Amino acid sequence: MTIRAIEKLSTSQNGLGAFILQCKRMDIHYCDHSGSSRGMNAFIKHGLQRFAAAHPQIEFAVSPRPRKHPVMVGHYINGKQKSICVKNMEASQILKKAELLRDASGDKVKRVNKPVTSVNESVRGVWSPYHGDGMAV
C-alpha cells in the first residue's frame, strides 16, 4: 500500500507571494491653451517622468484634447476604468490623484459591515465582557 499526497492547488490571493498592481494603463488628457490645464501641463513637464519611471508596470498615454478640461483615466485589469477631472489643480494635487488611481482596484466602493473580512471564520467566537467569570467592579 502506497501513500499518496492529496493533490490540491492553492488559491492565489493578491499580496501573498507576488503582488500584482491592479492599474494597467493611465491615460492623461490635457489642453495646451486652457487655463484649467495649467497644473496638468506643469505635472506633465516636471512630475510625470519621475512617476512613470517609478512605476514601469503601468502604461502611460498622454494625449492633447483641445478646448476640454484635463482628465486622468485609469484602466484596470478587471476591465473597469475610473476617470478623475483635474481642472484647476496644482501639479502636487494632480500627483496625489495619480497615486489614487494607481492604488485603486477599479471596483466600486463597497460598504463594509464588518471591520475585518477574512476567508476563515474565527475559532474562538465572538468576545464579550459578559462571558466568563465577570469583571470585578
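As recorded by an unreviewed UniProt entry, the protein chain carries the name Large ribosomal subunit protein mL43 and is attributed to Neoarthrinium moseri. Listed in UniProt under the heading Sequence similarities (unreviewed entry), the comment for the protein chain reads: "Belongs to the mitochondrion-specific ribosomal protein mL43 family."

Glancing now at the packing of helix α1 (residues 38-54) against helix α2 (residues 91-103). Orientation of α1 relative to α2, taken along the N-to-C sense of each, is 55°, at an axis distance of 9 Å. On the basis of the axis angle, α1 is oblique to α2. The crossing of α1 and α2 is right-handed. Contact residues: Gly39, Met40, Ala42, Phe43 and Phe51 in α1; Ala91, Ile94, Leu95, Ala98, Glu99 and Arg102 in α2. A breakdown of the residues in the contact of α1 with α2 according to their chemical character gives eight nonpolar, one polar and two charged.

Turning next to the sheet that holds strand β4 (residues 81-85). Strands belonging to one sheet form pairs held by backbone hydrogen bonds; the direction of such a pair is parallel or antiparallel. Judged by pairing direction, the sheet is mixed, and its four strands sit side by side in the order β2-β1-β3-β4 without closing on themselves. Unpaired on one side and paired on the other, β2 (59-64) and β4 mark the two borders of the sheet. The mean angle between the axes of side-by-side strands here comes to 15°, regardless of whether they run parallel or antiparallel. Alignment of strand β3 (residues 71-76) against β4, held across five bridges, turns out to be antiparallel. Within β4, the residue paired with Val73 across the bridge is Ser83. In the packing of α1 onto the sheet, the strands contacted are β1 (23-30), β2 and β3, and the crossing angle to β1 comes to about 160°. Across the sheet, α2 is in contact with β1, β3 and β4; its angle to β3 comes to roughly 15°.

The periodicity of an α-helix, 3.6 residues per turn, causes residues three or four places apart in sequence to face the same way. Under the 1.5 Å per step criterion, the end-to-end length of α2 is 18 Å for 13 residues, consistent within 8% with the ideal 18 Å. When α2 is considered as a whole, its buried residues turn out to be Ile94, Ala98, Leu101 and Arg102. For α2, the angular spread of the buried residues around the axis is 100°, confining them to a single face. Facing away from the buried surface of α2 by more than 90 degrees, the exposed residues are Ser92, Lys96 and Asp103. Buried residues along α2 sit in contact with β1, α1, β3 and β4.

What counts and what doesn't
Residues numbered from 1 in each chain as written. Predicted model: local features only at pLDDT ≥ 70, side-chain atom pairs only at ≥ 80, totals over all residues. Heavy atoms only, no water. UniProt positions renumbered as here; feature names shortened; annotations may be inferred. Axes fitted to C-alpha atoms, helices over the stretch in contact; angles between N-to-C directions. Helix = DSSP H or I, 4+ residues; strand = E, 2+ residues; numbered from the N terminus. Parallel < 35°, antiparallel > 145°, perpendicular 65-115°, else oblique. Left-handed = near helix turned anticlockwise from the far one by under 90°. Contact = heavy atoms within 4.5 Å. Nonpolar A, V, L, I, M, F, W, Y, C, P; charged D, E, K, R; others polar. Pairing = 2+ DSSP bridges. Expected span 1.5 Å × (residues − 1). Buried < 20%, exposed > 50% of the residue type's maximum accessible area, 1.4 Å probe, protein only. Arc of directions from axis to C-beta.

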